[in-house]
Amino acid sequence: MALRNAVMAALLEGEASGYDLAKAFDASVANFWMSTPQQLYRELERMEVEGLVAARVIEQERRPNKRLFSLTQAGREAVRAYTTEPLGKPSVIRDELMVKVQCLDAGDIEAVRTAVSERMEWATAKLARYERLRQRLLDGRSEEAYFAEAERIGPYLTLLRGMSFERENLQWGDMALRRLDQRSAALQADG
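About the criteria used
Residues numbered from 1 in each chain as written. Predicted model: local features only at pLDDT ≥ 70, side-chain atom pairs only at ≥ 80, totals over all residues. Heavy atoms only, no water. Pairing = 2+ DSSP bridges. Helix = DSSP H or I, 4+ residues; strand = E, 2+ residues; numbered from the N terminus. pLDDT = per-residue confidence, 0-100. Phe/Tyr/Trp six-rings, centres within 6.5 Å; stacked < 30°, edge-to-face > 60°. Buried < 20%, exposed > 50% of the residue type's maximum accessible area, 1.4 Å probe, protein only. Contact = heavy atoms within 4.5 Å.

Asks: Would you explain the sheet that holds strand β2 (residues 53–58) in this entry?
Replies: Strand pairs in the sheet, formed through backbone hydrogen bonds, run parallel or antiparallel to each other. Strand order in the open sheet made by the three strands is β1-β3-β2, with antiparallel pairing throughout. Only two strands of the sheet have a single neighbouring strand rather than two, namely β1 (16–17) and β2. Pairing of β2 with strand β3 (residues 66–71), which is carried by six bridges, proceeds in the antiparallel orientation. When the sheet's bridge partners are listed, A55 is paired in β3 with F69.

Asks: Can you walk me through the confidence of the model for the protein chain in this structure?
Replies: Detailed reading of the predicted coordinates is not advisable wherever pLDDT is low. Residues at a pLDDT of 70 or more form 95% of the protein chain, whose mean pLDDT is 90. Within the protein chain, the lowest mean pLDDT, 80, falls on helix α2 (residues 18–27), and the highest, 96, falls on helix α7 (residues 143–149).

Asks: What exactly am I supposed to notice about the packing of aromatic side chains here?
Replies: A ring pair, where both rings are aromatic, is described by two values, the distance of the centres and the angle of the planes. As enumerated under the stated definition, the model contains three aromatic pairs in all. Judged by centre distance (6.0 Å) and plane angle (75 degrees), the rings of Y146 and F147 are edge-to-face. Y146 sits in the buried class, given a relative accessible area of 4%. Taking the centre distance of 4.8 Å and the plane angle of 40 degrees together, the rings of Y146 and Y156 count as tilted. One end of the pair, Y146, is in helix α7; the other, Y156, is in helix α8 (residues 154–190), and ten residues separate them in sequence.

Asks: Sorry, what's going on with the environment of L21 here?
Replies: Mapped onto the fold, L21 is located in helix α2. Expressed as a C-alpha distance, the spacing of L21 and R63, which sit 42 residues apart in the sequence, is 18 Å. Each residue touching L21, except ones within four places of it in the same chain, is listed here: V7, A10, L11, A16, L40 and L44.

Next up, the structure:
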């Protein structure tokens, strides 16, 4: 999947500056697509040249002028065309923590344990952010009411997937820490 598809998905929410999009990526789209602000700005420039987005300038007195981007009709058509394309291969995990865990028998168990704990802290923080976003989207409604009434349900469905992913990270982390503790205790008893 190209970054442009994730940008177009984010712009379905409405007009946004590059800064707003970077924040939106961090808050919502990050549960399925990561991007640096620099990558995002470069992609917006390419998309503008290709006619997928249009930008308008907002003049500001005490700050640099702000550019607000919105999808053009060609951009909306590109979104529709993208949704009809067949899926590529399923995504794969590329995670440095998993490489460290794979190496732990020849490495430092405590260092790996620390890395797992840090990942769990990260997952806990993301889950809390996602829960705040979930509550904001629901706006006092039940999920059933949201699905029946909301103009767009895609962002909520992807949010639920991100929340599920972070919960699984926490479950795996709990199990891994228990096993590492067992392993450390066994090694101390033997040695």
